[in-house]
Amino acid sequence: MNNLLHSFESDGIVLTTLDQALNWTRANSLFYMLFGLACCGIEMMQTGGPRGDLDRFGSVPRASPRQSDLMIVAGTVTLKMASRVKRLYDQMAEPRYVISMGSCSNTGGLFQSGYSVLHGVDRVIPVDVYLPGCPPRPEALTSALIEIQKKIKAERYLRKQK
């Protein structure tokens, strides 16, 4: 019973649980927020372009946090920007997911000795997948998106675990 759909071709019957069906649709229709802060934003745009083609995974960019369920923090987060990142995260609908893309958003990167740089976006919002690199390749962002999809498919959406 590991498959999403169990098909009996002779009878034309398809069996699955409601949780699995909902998670399959949620995982394959992620709307990510356009949120590039520094040079990692260029790699994020490249991933959404014709070569990376995140659309084939059902991921579509959205400019509004109220229409997004995935935030990709791409680049250096300053202390001044941290409150804005938190506000945008709070405006997103539940359930919401975060990918921290690049060394700067993970730990402050090259600029961590600066007084105005946040030492990791996880100090402000919870992060689901960390993506290392400076800047990470578009293939790595695609891999992180697949990890988010695996996480969503494993959730119990209707019956929350205690």
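Residues numbered from 1 in each chain as written. Predicted model: local features only at pLDDT ≥ 70, side-chain atom pairs only at ≥ 80, totals over all residues. Heavy atoms only, no water.

The name given to the protein chain in an unreviewed UniProt entry is NADH-quinone oxidoreductase subunit B. Under the heading Subcellular location (unreviewed entry), UniProt records this for the protein chain: "Cell membrane". Under Catalytic activity (unreviewed entry), UniProt gives the following word-for-word description of the protein chain: "a quinone + NADH + 5 H(+)(in) = a quinol + NAD(+) + 4 H(+)(out)". (UniProt positions renumbered as here; feature names shortened; annotations may be inferred.)

A. Examining the sheet that holds strand S4 (residues 60–62) more closely. Ordered by their spatial adjacency, five strands build an open sheet running S4-S3-S5-S6-S7, and the pairing between neighbours is parallel. One side of each edge strand has no neighbouring strand; the edge strands of this open sheet are S4 and strand S7 (129–131). With strand direction ignored, the average angle separating the axes of adjacent strands in the sheet is 30 degrees. Sheet topology places strand S6 (residues 97–101) next to S7; three bridges connect them, and they run parallel. Each bridged residue has a counterpart across the sheet, and for Ile99 the counterpart in S7 is Val129. On the sheet, helix H2 (residues 40–48) packs against strand S3 (31–33), strand S5 (70–74) and S6 and is oriented at approximately 135 degrees with respect to S5. Packing of helix H5 (residues 138–154) onto the sheet brings it into contact with S5, S6 and S7, and relative to S6 it is tilted by some 155 degrees. (Pairing = 2+ DSSP bridges. Helix = DSSP H or I, 4+ residues; strand = E, 2+ residues; numbered from the N terminus. Axes fitted to C-alpha atoms, helices over the stretch in contact; angles between N-to-C directions. Contact = heavy atoms within 4.5 Å.)

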